[in-house]
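# Coordinate analysis (summary)
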Amino acid sequence: MQLVAGEPTQYLGGDTVVEVDHPAVRALAGELRAAHPDDVDFTRAAFAWVRDRIRHSVDAQDPRITVTASEVLRAGVGLCYAKSHLLVAVARAGGVPAGLCYQQLTDGRRPFLHGLVAVYLAGGWHRQDPRGNRTGIDAQFRLGREQLAYPLTDRSAGRDLPDVHVRPSRNVIAALRGARDALELCRTGLPATP
């Protein structure tokens, strides 16, 4: 899929959700960068760290809502959106342009968004899925050939949205901020559009 993005330099700054300058985010990025000076190796390590060390709320059956990169780091848990906010913040803090992407999936009844990350490496944008693996889900860091948690095919119900966002979707942030329970949010109210 051809991604639609602005200039890579637009994807290096932070905001109140993608907290590039938060001390904990900077510390993690610095630790990973010291061990992995190459951009691809650093980004692969950041991806694996977020995918494997931050539990997905549903898999962990943890109702806590996390939104910002620092909240996710502190709690060690988050929905796909929150995990993506952290990965984007860490990548940007390490000097790698990164943005937020979404897939529109369906549970058979209604569409909902799934959060992804796109990183700018080797002269192009590459989507990554830090959701977290479990039986039936095997997301891996790849350049060129995606390996997402929910790969879409011609027979899949859903669609890949091509835009690489500098900032998180307003609908996603509103849904997270308006919820008290991540598990209930997944059952009843995930946003359908960015």
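Structure: see above.
Residues numbered from 1 in each chain as written. Predicted model: local features only at pLDDT ≥ 70, side-chain atom pairs only at ≥ 80, totals over all residues. Heavy atoms only, no water.

## What to know about the overall build of the protein
The secondary structure content of the protein amounts to 7 helices and 6 strands. The N-to-C order of helical and strand elements in the protein reads α-α-β-α-α-β-α-β-β-β-β-α-α. The globule rule puts the C-alpha radius of gyration for 194 residues at 16 Å, and the 15 Å found for the protein is close to it. Its C-alpha atoms give the protein principal-axis dimensions of roughly 45 × 35 × 30 Å. Counting all 194 residues of the protein, 52% fall into the buried class. Sequence-distant contacts in the protein: of pairs separated by 6 or more residues, those separated by 24 or more amount to 62%. Here the protein has roughly 9,000 Å² of accessible surface; of this, 49% comes from carbon and sulfur atoms. Taking the average location of the 24 positive side-chain charges in the protein and that of its 21 negative ones, the two points are 4 Å from each other. (Helix = DSSP H or I, 4+ residues; strand = E, 2+ residues; numbered from the N terminus. Rg over C-alpha atoms; globule rule 2.2 N^0.38 Å. Buried < 20%, exposed > 50% of the residue type's maximum accessible area, 1.4 Å probe, protein only. Contact = heavy atoms within 4.5 Å. Areas by Shrake-Rupley, 256 points an atom, 1.4 Å probe, with all protein chains shown as cover. Lys, Arg positive; Asp, Glu negative; His and termini not counted. Charge placed at Lys NZ, Arg CZ, Asp CG, Glu CD.)

## Re unusual backbone geometry
Here the phi dihedral of Q61 falls at roughly 55°; this positive angle occurs in a residue that is not glycine. Relative to the elements of secondary structure, Q61 occurs in the loop between helix 3 (57-60) and helix 4 (69-75). Look at A122: it is not a glycine, yet its phi comes out positive at around 50°. Counting through the fold element by element, A122 comes out in the loop between strand 4 (111-121) and strand 5 (124-128). Using a relative accessible area of 73% as the deciding quantity, one classes A122 as exposed.

## Observations concerning the nonpolar core
L32, W49, Y81, L86 and V90 are the most contacted members of the largest nonpolar core, which totals 49 residues. Elements with a contribution of two residues or more to this core: helix 1 (23-35), helix 2 (39-53), helix 4, helix 5 (80-93), strand 3 (98-106), strand 4, helix 6 (170-177) and helix 7 (182-188). The leading source of residues in this core is helix 5, at 10 residues. Setting aside its immediate chain neighbours within four residues, Y81 contacts Y102, L113, H114, G115, V172, L176, L190 and P191. (Core = buried A, V, L, I, M, F, W, Y, C linked by side-chain atoms within 4.5 Å.)

## A few points about the sheet that holds strand 3
Adjacent strands of a sheet pair through backbone hydrogen bonds, lying either parallel or antiparallel. The antiparallel open sheet is built from 4 strands, whose spatial order is 5-4-3-6. The open sheet has two edge strands, strand 5 and strand 6 (158-165), and neither has a second partner. With strand direction ignored, the average angle separating the axes of adjacent strands in the sheet is 30°. Bridge count for strand 4 against strand 5 is 5 bridges, and the pairing is antiparallel. Residue pairing across strands places L121 opposite G124, the latter belonging to strand 5. (Pairing = 2+ DSSP bridges. Axes fitted to C-alpha atoms, helices over the stretch in contact; angles between N-to-C directions.)

## Quick notes on the packing of aromatic side chains
Geometrically, a pair of aromatic rings is defined through the distance of the ring centres and the angle of the planes. One pass over the full model with this rule turns up 3 aromatic pairs. Ring centres of Y11 and W125 lie 4.8 Å apart, and the angle between their planes is 65°; on these two criteria the pair is classed as edge-to-face. One end of the pair, Y11, is in the segment before helix 1; the other, W125, is in strand 5, with 114 residues separating them in the sequence. Summarising the aromatic geometry, the rings of Y120 and W125 are spaced 5.3 Å apart at their centres and angled 65° between planes, so their arrangement reads as edge-to-face. An aromatic cluster of three or more residues is present, and its members are Y11, Y120 and W125. When the ring centre of F42 is taken as origin, the NZ or CZ atom of R33, which lies over that ring, is 4.4 Å away. (Phe/Tyr/Trp six-rings, centres within 6.5 Å; stacked < 30°, edge-to-face > 60°. Lys NZ or Arg CZ within 6 Å of the ring centre and 35° of its normal.)

## Topic: the pairing of strand 4
Of all 11 residues that make up strand 4, 9 are buried, and the element is covered over most of its length. Pairing of strand 3 with strand 4 involves 9 bridges; the strand directions are antiparallel. Following the sheet pairing, C101 is matched in strand 4 by L116. Connecting the antiparallel pair strand 3 and strand 4 is a turn made up of 4 residues, with G108 showing a positive phi of about 100°. Between strand 4 and strand 5, which pair antiparallel in sequence order, lie 2 residues; one of them, A122, sits at a positive phi of approximately 50°.

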